[in-house]
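Next come the chains, spelled out residue by residue.
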Amino acid sequence: MKRIFTRFSALIATACVVVLLASAPARAVEVERVVSAGGIEAWLIRDPSNPITTMKLSFRGGTALDPDGKGGLANFVASTLDEGAGDMDSAAFQEALDERSISLRFSAGRDTFRGSLKTLNKYRDDAFEYLRLALNEPRFDAEPLTRMRAQILSGIKQQNEDPGNLASRAIFETAFEGHPYARDNDGTAESVSAITPEDMRRFVRQRLAKNNLLIGVVGDIDAETLKGYLDRAFGSLPEKASPWQVEKITPKLSGSVKVIDVDVPQSSIQFAQPGILRNDPDFYTAYVLNYVIGGGGFVSRLYEEVREKRGLAYSVYTYLMPLDAAGAVMGGAGTANARVAETVATVREVWKRFAAEGPTAAELKDAKTYLTGAFPMRFTSSSAIAGMLVGMQEEGLGIDYIDKRNGYIEAVTLEDARRVAQRLYQPDKLTFAIAGKPEGISSVN
């Protein structure tokens, strides 16, 4: 995080968006499909209440495409893409953004390379020009590369000492052994040290292209004006990215336990089992089920059994992780070393009972009420809404998804929920990774 939009402007934007979404039940949120003369498409929600424009963009293909031995390449590029471009070095580029309170950032996930731009409208011409320069003419000068590489390596060192990260890494390495998803997004100290400026320039040439690009925009901007900015910022990108494919994989989770020895008084527990993809017909039912078993915070089954009844853990949670090439149900807990064994046993028992019985009618009703009622509050900023517009395109959800989404949740029946619980939850495949010095439990293949 390098450049923060002015606090005042951010507060205005947030307040504006909350008002926009709070009024959603009274009037549908209109998402416009905007296509520029150059063929660049963006999804737009107009919000004229403040002179601010927010854009989120995503290129398909993320860290899973990092070359062998160059793990962390996408993340390194994301960290340095705004560290100088065109005829401006890093200091000049960052100063130009600062002087105009422009926020421009990039990030890399396993399946996507993302960017965000937020600007006051009076600086919009400059903001889109800086975005164009960052995407088309990044410099990758020696000074910022040395500085950002050192920051990344420092972060990797910290991650290597963090129990939560060690347990999470062990789960991914087990689930996706031999697959790119097994790697950390940040890479390793060795792989990051091996990345060259030419690697980064090759990444930009091969990965950042029009046919991979998805865009969401929120703010005080009309379609015609946006079209000009789309061509200006993205018109010079290559038409097509280099061909790529990430092989589908079923997570290799078979009920094992892996203990990573870390001398800490509290253990970090991560657990997972195979899940489903985002386009699975049962996804919305699985989404509701996850709320009941572990996604519902203080009202979930796991919280009640692990925390409330037994006082075993400080926290326990689950979530669905639908990647492009694999799906998993993930979860975690943190507890004192002496209570790890009972915590693991309790999680397994809750999992087994939930698979056999599914939710009760009351649990299903409460879950649907919360998930539909809380939906507008997920959009707490124009950035969040723009991100949703990009996510809708990534998942092929349709331009009317925001209006239809709660209907999908409401349509889940008790019969559906119990059928999908039996299909999805597999106690025999629930796999644990524990970082700490747990008592009464050891590694089991």
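Preceding this paragraph is the structure being described.
Residues numbered from 1 in each chain as written. Predicted model: local features only at pLDDT ≥ 70, side-chain atom pairs only at ≥ 80, totals over all residues. Heavy atoms only, no water.

Let us look at the pattern of salt bridges. Pairs can form between side chains of opposite charge once their charged atoms are near each other. Summed over the entire model, instances satisfying the criterion amount to 29 salt bridges. Among the ionic contacts, a cluster of salt bridges with common partners joins D125, E129, R132, E137 and R232. (Salt bridge = Lys/Arg side-chain N within 4 Å of Asp/Glu carboxyl O.)

What follows is about the sheet that holds strand β6 (residues 213–219). Within the open sheet, the six strands sit side by side as β1-β2-β6-β3-β5-β4. Their pairing is mixed. Two strands bound the open sheet, and with one partner strand each, they are β1 (32–35) and β4 (103–108). Recorded for the sheet is a direction-independent mean angle of 20° between the axes of neighbouring strands. Examined bridge by bridge, β4 and strand β5 (residues 112–120) share six bridges and lie antiparallel to one another. Looking across to β5, one finds that L104 is bridged to L117. (Pairing = 2+ DSSP bridges. Helix = DSSP H or I, 4+ residues; strand = E, 2+ residues; numbered from the N terminus. Axes fitted to C-alpha atoms, helices over the stretch in contact; angles between N-to-C directions.)

Turning our attention to the sheet that holds strand β8 (residues 266–274). One open sheet holds the five strands; their spatial order is β7-β11-β8-β10-β9, and the pairing between them is mixed. Because the sheet does not close on itself, it has two edges, and the strands there are β7 (257–261) and β9 (315–322). Direction aside, the axes of adjacent strands within the sheet are offset by 15° on average. As paired strands, β8 and strand β11 (residues 431–436) are joined by five bridges and run antiparallel to one another. Counterpart to F271 in the pairing with β11 is F432. Against the sheet, helix α12 (residues 340–357) engages β7, β8, β9, β10 (327–336) and β11, with an angle of about 25° to β8. (Contact = heavy atoms within 4.5 Å.)

The next thing to look at is helix α10 (residues 283–295). Taking 1.5 Å of rise per residue, the 13 residues of α10 would be expected to cover 18 Å, yet its terminal C-alpha atoms sit only 15 Å apart, more than 12% below that figure. Extensive coverage of α10 is indicated by the burial of eleven of its 13 residues. Those residues of α10 lying buried are F283, Y284, T285, A286, V288, L289, N290, Y291, V292, I293 and G294. Its buried side turned inward, α10 meets α11 (301–309), β9, α12, α13 (361–373), α15 (401–410) and α16 (414–424). (Expected span 1.5 Å × (residues − 1). Buried < 20%, exposed > 50% of the residue type's maximum accessible area, 1.4 Å probe, protein only.)

Relative orientation of the contacting elements helix α4 (residues 124–136) and helix α9 (residues 223–234) amounts to 30°, with a least axis distance of 8 Å. Relative to α9, the element α4 is oriented roughly parallel. In the packing of α4 onto α9, the handedness of the crossing is right-handed. Only T225, Y229, R232, A233 and F234 of α9 make contact with α4, whose side of the interface consists of R124, D125, F128, E129, L131, R132, L135 and N136. Of the residues contributing to the contact of α4 with α9, the split by class is six nonpolar, two polar and five charged. (Parallel < 35°, antiparallel > 145°, perpendicular 65-115°, else oblique. Left-handed = near helix turned anticlockwise from the far one by under 90°. Nonpolar A, V, L, I, M, F, W, Y, C, P; charged D, E, K, R; others polar.)

This part takes up the nonpolar core. In terms of nonpolar packing, the biggest core is built from 57 residues, with L302, W351 and Y425 touching the most fellow members. Discounting residues that sit within four places of it in the chain, Y425 has contacts with Q273, L289, N290, I293, V329, W351, F354, A355 and V420. Grouped together as the second largest cluster of nonpolar side chains are 53 residues, L97, F113, L133 and V217 included. (Core = buried A, V, L, I, M, F, W, Y, C linked by side-chain atoms within 4.5 Å.)

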